Amino acid sequence: MTCASCANRIERKLNKLDGVAATVNYATEKAKVSVPEGYDPQQLIDQVEAAGYGAALPAPPRRAAADGSAESDAADGPPADPELASLRQRLIISAILTIPVIAMAMIPALQFTYWQWASLALAAPVIVWGAWPFHRAAWTNLRHGTATMDTLISMGTTAAFLWSLYALFLGTAGMPGMTHPFELTIAPSDGAGNIYLEVGAGVTLFILAGRYFEKRSKRQAGAALRALLELGAKEVAVMRDGAEVRIPVEELAVGDEFIVRPGEKIATDGTIVSGTSAVDASMLTGESVPVEVGEGDAVTGATVNAGGRLLVRATRVGSDTQLAQMARMVEDAQTGKAEVQRLADRISGIFVPIVLVIAILTLAGWLLLGFPAAMAFTAAVAVLVIACPCALGLATPTALLVGTGRGAQMGILIKGPEVLESTRAIDTVVLDKTGTVTTGRMELVDVIPEPGTDRAELLRLVGALEDSSEHPIARAIARGAAEAVGTLPSPSHFANLEGSGVRGTVEGREVLVGRETLLAREGMGLSPELSAAKADAEKQGRTVVTAGWDGAARGILVIADTVKPTSAAAIAAIKELGLTPVLLTGDNEAVARQIAAEVGIEEVIAEVLPAQKVEVITRLQEQGRTVAMVGDGVNDAPALAQADLGLAMGTGTDVAIEASDITLVRGDLRSAVDAIRLSRRTLSTIKGNLFWAFAYNVAAIPLAALGLLNPMLAGAAMAFSSVFVVGNSLRLRGFRSIAKD
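Residues numbered from 1 in each chain as written. Predicted model: local features only at pLDDT ≥ 70, side-chain atom pairs only at ≥ 80, totals over all residues. Heavy atoms only, no water.

With respect to the overall build of the protein
Move 1: Along its length, the protein carries 27 helices and 24 strands.
Move 2: Per-residue burial over the protein gives 53% buried out of 741 residues.
Move 3: Taking as baseline every contact in the protein between residues at least 6 positions apart, the subset at least 24 positions apart corresponds to 68%.
Move 4: Carbon and sulfur atoms form 58% of the exposed surface of the protein, whose accessible area is close to 30700 Å². (Helix = DSSP H or I, 4+ residues; strand = E, 2+ residues; numbered from the N terminus. Buried < 20%, exposed > 50% of the residue type's maximum accessible area, 1.4 Å probe, protein only. Contact = heavy atoms within 4.5 Å. Areas by Shrake-Rupley, 256 points an atom, 1.4 Å probe, with all protein chains shown as cover.)

A look at the packing of aromatic side chains
Move 1: As enumerated under the stated definition, the model contains 2 aromatic pairs in all.
Move 2: Consider the rings of tryptophan 117 and phenylalanine 169, whose centres lie 5.2 Å apart with planes at 80 degrees: the pair is edge-to-face. With tryptophan 117 in helix α5 (residues 115-130) and phenylalanine 169 in helix α7 (residues 149-169), this pair connects stretches of sequence that are 52 residues apart.
Move 3: Accessibility expressed as a relative area gives 54% for phenylalanine 169, which makes it exposed.
Move 4: A ring pair is formed by tryptophan 366 and phenylalanine 371, whose centres lie 5.0 Å apart and whose planes are at 50 degrees; its orientation type is tilted.
Move 5: Assessed through its relative accessible area of 37%, phenylalanine 371 is described here as partly exposed.
Move 6: The cationic tip of arginine 90 hangs over the ring face of tryptophan 129; the distance from NZ or CZ to the ring centre is 4.9 Å. (Phe/Tyr/Trp six-rings, centres within 6.5 Å; stacked < 30°, edge-to-face > 60°. Lys NZ or Arg CZ within 6 Å of the ring centre and 35° of its normal.)

Section: the sheet that holds strand β8 (residues 291-293)
Move 1: The antiparallel open sheet is built from 3 strands, whose spatial order is β8-β7-β10. Two strands close off the open sheet at either side, each with one partner strand: β8 and β10 (304-305).
Move 2: As paired elements, strand β7 (residues 277-280) and β10 share 2 bridges and run antiparallel to each other. For valine 279, the partnering residue across the bridge sits in β10 and is asparagine 305. (Pairing = 2+ DSSP bridges.)

Things to note about the pairing of strand β18 (residues 543-549)
Move 1: Burial of β18 is extensive: 6 of the 7 residues sit out of reach of the surface.
Move 2: Bridge analysis of strand β17 (residues 509-514) against β18 gives 4 bridges, and the strand direction is antiparallel. For valine 511, the partnering residue across the bridge sits in β18 and is tryptophan 549.
Move 3: Looking at chain direction, β18 and strand β19 (residues 552-563) are connected through 7 bridges and run antiparallel. For threonine 546, the partnering residue across the bridge sits in β19 and is isoleucine 556.
Move 4: Between β18 and β19, which pair antiparallel in sequence order, lie 2 residues; one of them, aspartate 550, sits at a positive phi of approximately 55 degrees.

Section: the sheet that holds β19
Move 1: In spatial order, the strands read β14-β19-β18-β17-β16-β15; together these 6 strands make up an open sheet with antiparallel pairing. The outermost strands of the open sheet, each flanked by one partner alone, are β14 (438-449) and β15 (493-497). Direction aside, neighbouring strands of the sheet carry axes that sit 20 degrees apart on average.
Move 2: Pairing analysis gives 6 bridges linking strand β16 (residues 501-506) to β17, with the strands arranged antiparallel. Across the sheet, residue threonine 505 finds its bridge partner in β17, namely glutamate 510. (Axes fitted to C-alpha atoms, helices over the stretch in contact; angles between N-to-C directions.)

Digging into helix α21 (residues 567-576)
Move 1: If you check which residues of α21 are buried, you get Ser567, Ala570, Ile571, Ala573 and Ile574. Each buried residue of α21 sits inside an arc of 160 degrees when the element is viewed along its axis, so together they form one side.
Move 2: Where α21 terminates, the next one or two residues include glycine 578, which has phi positive at roughly 85 degrees. (Arc of directions from axis to C-beta.)

Some details on the pattern of salt bridges
Move 1: Within this structure, the stated rule accounts for 19 salt bridges.
Move 2: Across the pair arginine 240 and aspartate 256 runs a salt bridge, and its minimum N-O distance is 3.1 Å. Placement of arginine 240 in strand β3 (residues 235-240) and of aspartate 256 in the loop between β4 (243-248) and β5 (257-260) is noted, with a sequence separation of 16 residues between them.
Move 3: Judged by its relative accessible area of 34%, arginine 240 falls in the partly exposed class.
Move 4: Between arginine 503 and glutamate 522 there is a salt bridge, and its shortest N-O distance comes to 3.7 Å. Of this pair, arginine 503 sits in strand β16 while glutamate 522 sits in the loop between α19 (516-521) and α20 (528-539), placing them 19 residues apart in sequence.
Move 5: When its relative accessible area of 24% is taken as the criterion, arginine 503 is described as partly exposed. (Salt bridge = Lys/Arg side-chain N within 4 Å of Asp/Glu carboxyl O.)

Examining the packing of helix α4 (residues 82-106) against α5
Move 1: Between α4 and α5, whose axes approach to 9 Å, the crossing angle comes to 150 degrees. Of the possible angle classes, the one that applies to α4 and α5 is roughly antiparallel. Here α4 and α5 pass one another in a crossing that is left-handed. Mapping the contact onto sequence places Gln89, Arg90, Ile93, Ser94, Leu97, Thr98, Pro100, Val101, Met104 and Ala105 in α4 and Trp115, Ala118, Ser119, Leu122, Ala123, Pro125, Val126, Trp129 and Gly130 in α5. (Parallel < 35°, antiparallel > 145°, perpendicular 65-115°, else oblique. Left-handed = near helix turned anticlockwise from the far one by under 90°.)

Some thoughts on unusual backbone geometry
Move 1: One non-glycine residue with positive phi stands out, namely tyrosine 114, at about 65 degrees.
Move 2: With respect to the helices, strands and loops of the structure, tyrosine 114 is situated in the loop between α4 and α5.
Move 3: Note on tyrosine 114: relative accessible area 43%, which makes it partly exposed.
Move 4: The residue alanine 302 is not glycine, and still its phi comes out positive at about 85 degrees.
Move 5: In this fold, alanine 302 is placed in the loop between β9 (298-299) and β10.

A word on the nonpolar core
Move 1: Among the nonpolar cores identified, the biggest contains 49 residues, and Leu647, Ile662 and Leu669 are the most heavily contacted of them.
Move 2: Among the elements that make up this core, the one with the highest residue count is helix α26 (residues 670-705) (8 residues).
Move 3: Here leucine 669 is in contact with Leu431, Thr436, Val437, Thr566, Ser567, Ala570, Ile571, Val630 and Met649, once residues within four sequence places are set aside. (Core = buried A, V, L, I, M, F, W, Y, C linked by side-chain atoms within 4.5 Å.)

Details of the packing of α5 against helix α6 (residues 132-143)
Move 1: Relative orientation of the contacting elements α5 and α6 amounts to 45 degrees, with a least axis distance of 5 Å. The angle between α5 and α6 places the two elements in the oblique class. Along its contact with α5, which presents Ile127, Val128, Trp129 and Gly130, the element α6 presents Trp132, Pro133 and His135.
Move 2: Taken together, the residues of the contact of α5 with α6 break down into 5 nonpolar, 2 polar and no charged. (Nonpolar A, V, L, I, M, F, W, Y, C, P; charged D, E, K, R; others polar.)

What to know about the UniProt feature "transmembrane region" (unreviewed entry) in the protein
Move 1: Under the UniProt annotation, the feature "transmembrane region" (unreviewed entry) is placed at residues 91-108, 114-132, 152-175, 195-213, 347-369, 375-402, 689-706 and 712-730.
Move 2: Taken end to end, residues 91-108 has its terminal C-alpha atoms 26 Å apart, with 89% of it in helix and 0% in strand.
Move 3: Across residues 114-132, helical content stands at 89% and strand content at 0%; the span's end C-alpha atoms are separated by 27 Å. (UniProt positions renumbered as here; feature names shortened; annotations may be inferred.)

Focus: a nonpolar patch on the surface
Move 1: A cluster of nonpolar side chains, contributed by Tyr166, Phe169 and Leu170, occupies part of the molecular surface with about 370 Å² of accessible area.
Move 2: Relative to the assigned elements, tyrosine 166 resides in helix α7. (Patch = residues over 30% accessible without salt bridge, like charges linked within 9 Å, V, L, I, M, F, W, Y side chains within 5 Å.)

Let's talk about the environment of histidine 493
Move 1: Of note, histidine 493 is situated in strand β15.
Move 2: Along the backbone, histidine 493 and valine 511 are 18 residues apart, and their C-alpha atoms lie at a distance of 9.9 Å.
Move 3: In this structure histidine 493 touches Leu465, Arg503, Gly504 and Thr505, once residues within four positions along its chain are discounted.

So, the side chain of threonine 438
Move 1: Looking at where threonine 438 falls in the secondary structure, it is placed in strand β14.
Move 2: Judged by its relative accessible area of 0%, threonine 438 is buried.

Some words on the side chain of serine 277
Move 1: Relative to the elements of secondary structure, serine 277 occurs in strand β7.
Move 2: Owing to a relative accessible area of 5%, serine 277 belongs among the buried residues under this scheme.
Move 3: A polar contact is formed between the side chain of serine 277 and the side chain of asparagine 305, at a distance of 2.3 Å. (Polar contact = N/O pair within 3.5 Å; in protein donor to acceptor, adjacent residues only side chain to side chain.)

Pasting the structure below:
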């Protein structure tokens, strides 16, 4: 395929087959096809070949790597691109031959005797061999009764060449001493004394250059996906029958236990069986700070073990790993089609025939008005050359490729380019509280001892007892105590009092920890000061645990789900984008208001059951709002699907991720802001590209038809417009996260 018209034509041909739904992407040179079960794919290939193009099924994976780096010819292309190499060869040779032709035509001082014949010898290989891909495609299109931008290029260069041959052999252009002054305006003449070899060769050179840079930039734009596929480990040390054996990662199976030494990549997604370490996930999530992990923690394939030795049990291998899912989502996004792209494809599909008609009318009009054939020809050639929709065909695909690729590098996985359309009108961002705005993990936030009780002693004794419990609140207290006082003593006796608390002996003291009613039953009442502090904390929606020993209450410990450190900054950034943040939670009003005040959210919807979250989103939409929803849990999935734009935290559940439009690999709410910003930037880039492509063609065609545009300069401007569009799209690679601003 050489332009969006080609992709449009193949897509129409495929969709004519019964039961087939196809989309063809010019930038990725791939067709995504849905067919009935048992459908013979050879029929698809035959249909594409009948349209004058070639097709092949995606090659099977060469390896199904456990880290997700499954390779296939279809996924990341061959290491060497023969088409790019051929294009480069044609470009270099054409440049060597064309530059002297243009120089002689434009600089009268270089026009020696018989220079015109030297120009013919140099230009002929360029127009015939250099432009051969365009001629071949034009002939194929002609046989099928269609026309594309290749038809324009072929007609323009061939017309310039044939007219020059006529002028040289049958006109006066071949006479010794003929000069060809460089003029920006067309002076009346019979045309027999002018040659247009520099037009044919120059246009061929410029378009080859445009095609080459387009092709090369398309490969660069897809580099993010190829980089994702190369992240994983290649070998892994597996425990087999108590011995350590090194095997290729593709042989790893779910349930296998493997060793990860310091500095090694974790081979696949798994759970730590033993060992503690810090894992550097920066290549996958963009987080620069290593994450502390220990027994029972989940780890992701392709991240780097930065600390101690780990024994990991594989939980997901091959195409099920997070890395493989990321790669698949990027691939899906790049082969999808947004509305703006379909518009560009439709226009380019009808653009070519209209341009051909305009060129014919231009030629006829000039001739009928009595102007010389050379002037009529020049105007017609200018129309053919200026109208080639290279920039139009690449305006959307390149921006989508670069935008989704950059998103993948930042841990923002855009599931489909149609998602970009959704971000344009978003005015409200609904945020789930737990796990999105907050950490989703209980933390010890305050310790208030009774007068006369040492705070450190309270933490040490209570922490020691709670360390023996598996309850989430107990774990939070034990963690907080250990951080505050260091190593905790071991209780000599421990008993779990179902629904009330725990009791045990620590350092010879009988310690009781739990509800206030538990202490009251033992005659340990709270002082008025402590009761007031407890009531105040509970008004804020926090959980309060009481503790006592030796027959007296000794203090209270306050536990709460804490706000993520970056949430307040993320909310401020959401407001800067002109969006209204809304906190949505099933927690009570007091908790919700407290969290909202802490991060700067004014609108709060609390005490909502999971099933009611969809109703809330629907109600906001009925109010005329366009809603984005950010969540991470199973209970968020329906709301994520209902929202105009669903963003799921990658730290959340698979169900939420599946229901969302965008997955945020990091648990940082700022990445939601980045996702909206990146989507908007990508969409604005697409619109900018389309504007310049359309404006260029619409404005330049009348000028060319009126004879006000030099054909060679028109070809240069047209080629550079394509390079401009690609360069404009590649600027998206410089998109930065607000976390780094």
